[in-house]
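Residues per chain, in single letters:
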Amino acid sequence: MSSWRSLILRIGEKSPEYSGVIDFKDHIDACFGAVRRELDHSEDDILTFLLQCSEQLPHKVPLYGTLIGLLNLENEDFVKKIVESTQKSLQDALDSGDCNRIRVLLRFLTVLMCSKVIQPSSLVVIFETLLSSAATIVDDEKGNPSWQARADFYITCVLSCLPWGGSELVEQIPEEVERVMVGIEAYLSIRRKVSDVGLSVFEEINKIDKLHVEQDFVEDLWSRIQDLSKNSWKLESVPRPHLLYEAQLVAGKSHDFGPIICQEQSDTPVELSRLNFGRQKHEAELKYPQRIRRLNIFSASKTEDIQPIDRFVVEEYLLDVLFYLNGCRKECAACMVGLPVPFRYEYLMAETIFSQLLLLPQPPFKPIYYTLVIIDLCKSLPGAFPAVVAGAVRALFDRISELDMECRTRLILWFSHHLSNFQFIWPWDEWAHVLELPKWAPQRVFVQEVLDREVRLSYWDKVKQSIESTPALEELLPPKGGPDFIYTSDDGDKTEYTLSKELNSMVKGRKTARDVIIWLEESVIPINGLDVTLRVVVQTLLDIGSKSFTHLITVLERYGQVIAKICPNEETQIMLISEVSSFWKNSAQTTAITIDRMMGYRLISNLAIVKWVFSPTNIDLFHTTDRLWEILRNALNKTYNRISDLRKEISNLKKSVVKAEKIAAMAKAELDGAEAKLMLVDGEPVVGENPVRMKRLKSNAERTKEDEVSTRESLESKEALFARALEENEALFLSLYKHFSTVLMERLHETFGEKTMDHPVGDSEAMAVDEDDTPAMEMDKENGNSKRNVGYTIGEKEQWCLSTLGYVKAFSRQYASEIWPHMDRLEEEVLTETIHPLFRKAVYSGLRLQVDQ
Amino acid sequence: MALLFKDPNKISAYRDRRFPGTQEEYEHALQTSTTVYIGNMSFYTTEEQLYELFSRAGEIKKIVMGLDKNTKTPCGFCFVMYYSREDTEDAVKYISGTILDDRPIRVDFDWGFQDGRQWGRGRSGGQVRDEYRTDYDPDILLSMKGGYGKLVQKELEEQRQVVDYGVGSLGSFQPTHMPHNYGRHGGGGGHGYGGSHRHGRGDYHRKRYREDDRDRRGPDNSKRNSEDEPRRNSDHDSRQEKNPRFRERGDSDEEEDDRKRQK
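So, how was this worked out
- Residues numbered from 1 in each chain as written.
- Chains lettered and ligands numbered in written order.
- Predicted model: local features only at pLDDT ≥ 70, side-chain atom pairs only at ≥ 80, totals over all residues.
- Heavy atoms only, no water.
- Helix = DSSP H or I, 4+ residues; strand = E, 2+ residues; numbered from the N terminus.
- Buried < 20%, exposed > 50% of the residue type's maximum accessible area, 1.4 Å probe, protein only.
- Contact = heavy atoms within 4.5 Å.
- Areas by Shrake-Rupley, 256 points an atom, 1.4 Å probe, with all protein chains shown as cover.
- Phe/Tyr/Trp six-rings, centres within 6.5 Å; stacked < 30°, edge-to-face > 60°.
- Lys NZ or Arg CZ within 6 Å of the ring centre and 35° of its normal.
- Pairing = 2+ DSSP bridges.
- pLDDT = per-residue confidence, 0-100.
- UniProt positions renumbered as here; feature names shortened; annotations may be inferred.
- Core = buried A, V, L, I, M, F, W, Y, C linked by side-chain atoms within 4.5 Å.
- Expected span 1.5 Å × (residues − 1).

Time to look at the overall build of chain A. Helix and strand counts for chain A come out as 37 helices and zero strands. In chain A, which comprises 853 residues, the proportion classed as buried is 58%. Considering only contacts in chain A between residues 6 or more positions apart, those separated by 24 or more positions represent 76%. For chain A, the exposed surface amounts to about 35,100 Å²; the carbon and sulfur share of it is 52%.

This is the structure in structure tokens:
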């Protein structure tokens, strides 16, 4: 017989605990029987575990609700504890803003209501508390509309409960439900529509007006719920096991649910300037992010038989599983393929996963998690899922030129990694037509970058072999060669060749960095000048470290000082980067790694990297390769990591200071107490009490005080470092935006004039595709997939502008939290009135700031 | 998250017998470590491939290839060190069991790299464990083209060269990862080893070295002589004898069992 634990855990699953059969009634009966038997012995364990399961397996919550309803008939006290504990958890979650927990607990309460464990009116009271808090937040006078994200979240939570209990609520207390619905409608009328600008996966550059027509996510859910209501609250995706036990459950005692309180929005500023509003809105959206943005990559025919509300519920299931079962590969895949719904949903599942992989600004987990999930689902559903994934890839590929730049990068990384797990098999001949496109065409760049990443994950010959059915694509493979060392033979400059040989033998002879520096200063620089010296040293050291990542690190660790000596300033560091880039011109990866390491050893500043990336020869490559963007991304990322580490250290040190203060104060109090006692011995200051103890107390007080002081000192020094890092960050972003502004200025004017992008030149084909709205898959089948691509007519300059603006937006969005503190200065110095409106638009939409009309 | 299906205390099925501390200390080391051990790799897999794959879990600090002590060439395992614990956990969660160079690699927390652990044991051969491939059927992605012959793949594989860490212009630059207290290793025996562990753990895990990477290694490191090597190898050989991680591939079924247990 299976234990109560595994019966609770596996309820609703096709598992050995339940003889491999799914029958909700049998499952509930068996589980109820086992739990009831054990309830007296292990009440606390059962309570904890049951709550854990209800929270972490929310797709099974109707089963848990029914089980608890049945237990309520046997042991009211036990269920009372469940309700009380849930009330406390919900309050904690509201206080800390734990979105997933709030949502899941509300759903749990809804199913408890269905099983008569709490009163329908108690649930409505909770809804109304959230609703009134939401209404206050968006109120201009009493609240703080910049925090609408939180209000929207509360409303979404209330609406999300209705698929699980709408029918029961309406049946029992129709007026109260109506009151809630009216309240939500009123809320919808005062809130601002949320614009997706800056966060949509497909940049619909041609349709600025479209935003005003479309529903945002709250309105969308509202209309789904209204449909549900019109359909008498019937839906297929939520099991209603409590109906099987209706006759019994009705006898259960409903428990009181204590009141909950939503925190007041504390930081209500008197008057919000545009920037302050934007800053707070950014903060609110970070704390209460939108959970999903639907992708709609498949034709409607794949999912149209699923009702809108069922689609919503399945998405909720999938997102919950992805969240709670992160890190449990087997369970995660099993739950995803085994949802309790009576229809097929593999297309919906693929769309949901891709919507997470591409979610902006950040997915809840690293993209590699979704890579793993997709791999596991391909293995779990070998007959169905791989084809769906391939369909998604084709659909996304067809619209790649509309895809957000960051999403393109994520897609390239995912796809190459995915293929590397499936022997690099892909029907490349379908995409052979990209060779006819100009080298800046997004589809062509996509294929080229995927192949480059494949080579990095594998090796050149292997990837070449994988495209052997379409040999022409070889043209897009990265170069095969290794490093490009200029002193391999003495054909070139004899002097430099000889110097390189000499340096090489010094390194082999284990000369120290100091010896090398002396040699350079005394006999190389004075004769050959700095440029030659730099070239010889960098080329030679890179050659010595060219064999592997570890070799590189070893060289840099030993002879980094030599490089630092000859590259002390920005100008020489830029020469250094150029030298690295030319030495590793055949390998984008090694170039990026080498520059990254050099930045790590502080041989190169992030400012030098930015400046180099924007040097004239590099600018011309912006639209044809990811090479430079990768280097720029790394530099920003490394800077960001450093500052995040400092933040963490400071926050830990602050805690330590508080702790040290407490300990020191206690020691002091103890000492004072003991000293005070001494004074009272017959009015004479006799050293009466144990002198050993006194001595110990005294030294303890001193020591703890010293600890406190030293902790505070290390906090201060970290804070000083942090202040400097902030300054460096400001300089970095100023420089980055200035460079962007400069390079874009002329080209934007040349290409677009003063126009915004309402009607970009030559984008007619993409427009036509958007307007007829034909799903990509259908197009492919009917017309053959080359039709659309023939229409790629974007000129080089325009594509350059589009790509570069895309990166402006992507960087602004990704580092918005770091950029906001410096926004005033950026506005003042970079985003002035003279900049091109399209550049401004890219920055603002990345920061989710309203563009001035 | 996902506490239901995981015993957080059972972080690794292994108990590395070379670990000098108690079981408790061992578990603590695993729970705070920022190093992962990667096993079942192809001998041909390069550091750059590892870098590409593992940097998708986070910024990498170092990679140490496991080398055959006789040939100085990779022998199927390595260590990857991250800066942050979170990234380390993600590498274990998301990369273990996925494919690199046609092989399902295994990724585990490691208690912290120490010098000497990069040396595998000498006998070679037997690198292919084809039984793994069956549950990663490559043909399920698409039913097309009839697939590629395994023969061609093997040929390709054989054309690749393994990185030789022992010869060439970098002869003197073997990837040495010497702890600061290298000198203590030989003489102190078991006792000294414990001491060095404590030192190592503090050093490797307490904080990240982004800021001061440059200063990490004292000048002593570069003084390493190739004469040190034989002594050092034999020194560590005896310790590695009982370490399951350095066991020759294919000479027991234990590895397979472990893999199953972890799944």
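On we go from here.
Right, let's talk about the packing of aromatic side chains for a bit. Residues and elements named next belong to chain A. Applying the stated rule across the entire model yields 39 aromatic pairs over all chains. Residues Phe397 and Trp431 carry aromatic rings whose centres are separated by 3.9 Å and whose planes lie at 20 degrees to one another, so their mutual orientation is stacked. With Phe397 in helix α18 (residues 385-398) and Trp431 in the loop between α19 (405-420) and α20 (442-457), this pair connects stretches of sequence that are 34 residues apart. A single burial state applies to Phe397 and to Trp431, both of which are buried. Arranged with centres 3.9 Å apart and planes meeting at 15 degrees, the rings of Trp629 and Tyr807 form a pair that is stacked. In this pair, Trp629 sits in helix α29 (residues 627-679) while Tyr807 sits in helix α34 (residues 796-814), placing the two residues 178 residues apart along the sequence. According to the relative accessible area criterion, Tyr807 is buried, its value standing at 9%. An aromatic cluster is built from Phe354, Phe397, Trp414, Phe415, Trp426, Trp428, Trp431 and Phe446, whose rings are joined through pairwise contacts. Sitting over the ring of Phe49, Arg5 keeps its end group 4.9 Å from the ring centre. Here the guanidinium or amino end of Arg399 rests over the ring plane of Phe202, the centre of that ring lying 3.7 Å away.

As a further point, take the pairing of strand β6 (residues 106-110) of chain B. Residue and element names in this part refer to chain B. Burial within β6 is extensive, with five of its five residues counted as buried. Relative to β6, strand β1 (residues 35-39) runs antiparallel, the two being bridged by five bridges. If you follow Val36 over to β6, its bridge partner there is Phe109.

This part covers the confidence of the model for chain A. Residue and element names in this part refer to chain A. The share of residues in chain A with pLDDT of 70 or more is 92%, and the mean pLDDT across the chain is 90. When the elements of chain A are averaged for pLDDT, helix α31 (residues 764-772) gives the smallest value, 37, and helix α27 (residues 606-613) the largest, 98. Segment residues 206-212: pLDDT under 50, and 13 contacts once partners within four positions in sequence are set aside and those in other chains are kept. Residue range residues 758-790 is modelled with pLDDT below 50. Its contacts to residues more than four positions away, or to other chains, number 50 contacts.

On the UniProt side, "domain: RRM" (unreviewed entry) is annotated at positions that read residues 34-112 of chain B here. As annotated, residues 34-112 of chain B has a helix share of 24% and a strand share of 41%, and its two end C-alpha atoms lie 7 Å apart.

Another aspect to go through is the nonpolar core. Phe354(A), Trp428(A), Phe839(A) and Phe54(B) are the most contacted members of the largest nonpolar core, which totals 303 residues. Tallying contributions element by element places helix α23 (residues 513-544) of chain A first for this core, with 14 residues. Aside from chain neighbours lying at most four places away, what touches Phe354(A) is Leu295(A), Ile297(A), Ile374(A), Val389(A), Ala392(A), Leu396(A) and Trp414(A).

The next thing to look at is the sheet that holds β6(B). Residues and elements named next belong to chain B. The strand order across the open sheet built from five strands is β6-β1-β3-β2-β7, with neighbouring strands paired in mixed fashion. Single-partner strands in this sheet number two, and they are β6 and β7 (119-120). Pairing analysis gives two bridges linking strand β2 (residues 60-68) to β7, with the strands arranged parallel. Bridging across to β7, Asp68 finds its partner in Gly120.

This part takes up helix α4 (residues 61-74) of chain A. All names here are of chain A. Over its 14 residues, α4 extends 20 Å from the first C-alpha to the last, a length consistent with the 20 Å expected when each residue adds 1.5 Å. Judged by how many residues are buried, α4 sits mostly within the fold: 12 of 14 residues are covered. Burial in α4 covers these residues: Val61, Pro62, Leu63, Tyr64, Gly65, Thr66, Leu67, Ile68, Gly69, Leu70, Leu71 and Asn72.

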